Amino acid sequence: NFYYKAFSSQDLPGAVAGIRALGVRGCGVSMPFKEAAIALVDELDASAAAIASINTIVNTAGHLKAYNTDYLAIAQLLDSHRVPKEYRFVLRGSGGMAKAVASALRDGGYRNGAILARNERAGRALAEALGYTWQAQPDDLPAQLLINVTPIGMSGGAQADDLAFSGEAIAAAQIVFDVVAIPAETPLILRARAEGKQVITGLEVI
């Protein structure tokens, strides 16, 4: 049995040292520490090394190993849903989760894709780092796989009722993947189901 507690600290080295000293079995790591904590652990799992970002630390007798479970979840879902590697994808988003998703796609052998992001600096950087193209606006090229990694469709947000992709793009797709988990049935997922598309939901990511 374990207890799960949330803590806030501005002393990252002290917090990680506390994990060792107190025998804390493991912890989640949130922003803004996902990259800075890398230097404080003993080992990186391939999931964390692939994107230079961690969100989980496991303590085994004082040996701290770091993982990125977002990356692991995406890789496992692509495999379990048998998403064809030859599919062209469009991924909307350029933040930390988008980096995990795009890296899992690259490492999974998905070569034909585009990063759709209004933030040109972040979008271009992510696309160029992984060998994809960047675009600020949707293009006319059909994509068999659509992936939303933005807050569009999230409950309580300013765009809670919006679609992350156009109706035309959804109709042309084969698989629609929305990482938003609240609600599990986002407007994008509801529209994709209505169109008879295969879907992967944010609830599955969690």
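Residues numbered from 1 in each chain as written. Predicted model: local features only at pLDDT ≥ 70, side-chain atom pairs only at ≥ 80, totals over all residues. Heavy atoms only, no water.

Caption draft 1: View of the overall build of the chain. When its secondary structure is counted, the chain shows 8 helices and 10 strands. The C-alpha radius of gyration of the chain comes to 18 Å, within 12% of the 17 Å expected for a compact globule of 206 residues. Taking the principal axes of the C-alpha coordinates as reference, the chain spans close to 55 × 35 × 30 Å. Across the 206 residues of the chain, 42% fall into the buried class. For the chain, long-range pairs separated by at least 24 residues make up 57% of all intrachain contacts whose partners lie at least 6 apart in sequence. Summed over all atoms, the accessible surface of the chain reaches about 11,000 Å², with 54% contributed by carbon and sulfur. With 18 positive and 20 negative side-chain charges, the chain shows a separation of 3 Å between the mean positions of the two kinds. (Helix = DSSP H or I, 4+ residues; strand = E, 2+ residues; numbered from the N terminus. Rg over C-alpha atoms; globule rule 2.2 N^0.38 Å. Buried < 20%, exposed > 50% of the residue type's maximum accessible area, 1.4 Å probe, protein only. Contact = heavy atoms within 4.5 Å. Areas by Shrake-Rupley, 256 points an atom, 1.4 Å probe, with all protein chains shown as cover. Lys, Arg positive; Asp, Glu negative; His and termini not counted. Charge placed at Lys NZ, Arg CZ, Asp CG, Glu CD.)

Caption draft 2: Quick peek at the pattern of salt bridges. Within the structure shown, the criterion is met by 7 salt bridges. Its salt-bridge partner being R106, residue D107 comes within 2.8 Å of it at the nearest N-O pair. The class for D107 is partly exposed, based on a relative accessible area of 40%. Two residues, R124 and E120, come together in a salt bridge whose shortest N-O distance is 2.7 Å. With a gap of 4 residues between them, R124 and E120 both fall in helix α5 (residues 120-130), about one helical turn apart. The network of salt bridges with shared partners includes E43, D45 and K65. (Salt bridge = Lys/Arg side-chain N within 4 Å of Asp/Glu carboxyl O.)

Caption draft 3: A look at the side chain of D45. Within the secondary structure, D45 sits in the loop between β2 (43-44) and α2 (46-49). With a relative accessible area of 17%, D45 lands in the buried category. Looking at D45, its side chain comes within polar contact range of the side chain of S47, at 2.6 Å. Not counting residues within four places of it along the chain, the set of residues in contact with D45 comprises K65, A66, Y67 and L72. (Polar contact = N/O pair within 3.5 Å; in protein donor to acceptor, adjacent residues only side chain to side chain.)

Caption draft 4: Just the packing of aromatic side chains, in detail. Scanning the model with the defined rule gives 1 aromatic pair in all. Ring centres 4.9 Å apart and planes at 85° place the aromatic pair F89 and Y132 in the edge-to-face group. Taken together, the residues span a long stretch of sequence, with F89 in strand β5 (residues 89-92) and Y132 in the loop between α5 and β7 (133-135) at a distance of 43 residues. Y132 matches F89 in its accessibility class, with the two residues each being buried. (Phe/Tyr/Trp six-rings, centres within 6.5 Å; stacked < 30°, edge-to-face > 60°.)

Caption draft 5: Geometry of the sheet that holds β7. The 6 strands are arranged β7-β6-β5-β8-β9-β10 in an open sheet whose pairing can be described as parallel. Both outer strands of the open sheet, β7 and β10 (198-200), are each paired with one neighbouring strand and no more. Put simply, the sheet's adjacent strands are angled 20° from each other on average, direction ignored. Of the pairings in the sheet, the one linking β5 to strand β6 (residues 113-116) comprises 4 bridges and is parallel in character. Following the sheet pairing, V90 is matched in β6 by A114. Against the sheet, helix α4 (residues 96-107) engages β5, β6 and β8 (145-148), with an angle of about 165° to β5. (Pairing = 2+ DSSP bridges. Axes fitted to C-alpha atoms, helices over the stretch in contact; angles between N-to-C directions.)

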